[in-house]
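One-letter residues, chain by chain:
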Amino acid sequence: MTDPIADYLTRLRNAIKAQHRVVEVPASNLKKEITKILFDKGYILNYKFVEDGPRGTIKIALKYDPVNKVNAIKKLIRVSSPGLRKYTGYKDMPRVLNGLGIAILSTSKGVMTNKEAREQMIGGEVICYVY
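Here the residue numbers are simple positions, counted from 1 along each chain's written sequence. pLDDT decides what is reported in this predicted model: residues at 70 or higher carry local features, side-chain atom pairs at 80 or more are listed and counted, and totals for whole chains, interfaces and linings draw on all residues regardless. Side-chain figures throughout are based on the complete set of non-hydrogen atoms in the structure, without hydrogens or water.

K.L.:
Tell me about helix α1 (residues 4-17), residues and numbers included.
P.N.:
For α1, with 14 residues, the first-to-last C-alpha span of 20 Å sits near the 20 Å given by 1.5 Å per residue. Remark: exposure states derive from per-residue accessible area (1.4 Å probe, protein chains only) relative to the maximum for the residue type, with buried under 20%, exposed over 50%, and partly exposed in between. The helix count covers DSSP runs of H or I at least four residues long, the strand count covers runs of E at least two residues long, and both are numbered beginning at the N terminus. When α1 is considered as a whole, its buried residues turn out to be I5, Y8, L9, L12, A15 and I16. Taken around the axis of α1, the buried residues stretch over an arc of 125°, which confines them to a single face. Only heavy atoms enter the contact rule, under which two residues are in contact if any of them lie within 4.5 Å. Lining the buried residues of α1 we find β1 (22-26), α2 (29-40), β3 (57-62), β4 (76-78) and β8 (124-130). The length a helix should cover is 1.5 Å for every residue beyond the first. In this description, one arc is meant: the one made by directions from the helix axis to the C-beta atoms.

Here's what the structure looks like:
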């Protein structure tokens, strides 16, 4: 697999389209950090790290509106890829959906959202947009 983050986002997208309640993805440290951010920002219901084998898996419970069954995540867009990395400074940080969505960045201080990176005045690689 050449791009495990794109695979992670695609598995989430496919599970949302098929209206699954739980999705399992192979674990890595970066995927765990992205999952924690999605949980903290309210895009997923819950998550669990299962240690089986050398890497383990991440079980993610997707969040749906109880009335009209619409998922909390509307779009997941991969920005930076292994063939074309996208970096940004804190001064020209991307605004996703005019501030309603989040951009997940990999910085020198760890994985964080665009708002946290702007507050700490650090830039980094833009991993994905979520709204």
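K.L.:
Got a sec to walk through α2? Specific residues and values, please.
P.N.:
With twelve residues, α2 ought to run about 16 Å at 1.5 Å a step, and its terminal C-alpha atoms sit 17 Å apart, in line with that. Where α2 is concerned, the buried positions are K31, K32, I34, T35, I37 and L38.

K.L.:
I'd like a description of the environment of T113, backed by residues and values.
P.N.:
With respect to the secondary-structure elements, T113 resides in strand β7 (residues 110-113). Note: C-alpha distance between T113 and M1 (112 residues apart in sequence) is 26 Å. Other than its neighbours up to four places away in sequence, T113 contacts I37, K41, I102, A103 and L105.

K.L.:
Tell me about the side chain of T35, residues and numbers included.
P.N.:
Mapped onto the secondary structure, T35 falls in helix α2. For T35, a relative accessible area of 0% corresponds to the buried category. Discounting chain neighbours no more than four positions away, the residues touching T35 are Y8, I44, Y47, I58 and I60.

Honestly, that's just the spatial picture; any functional story needs more than this.
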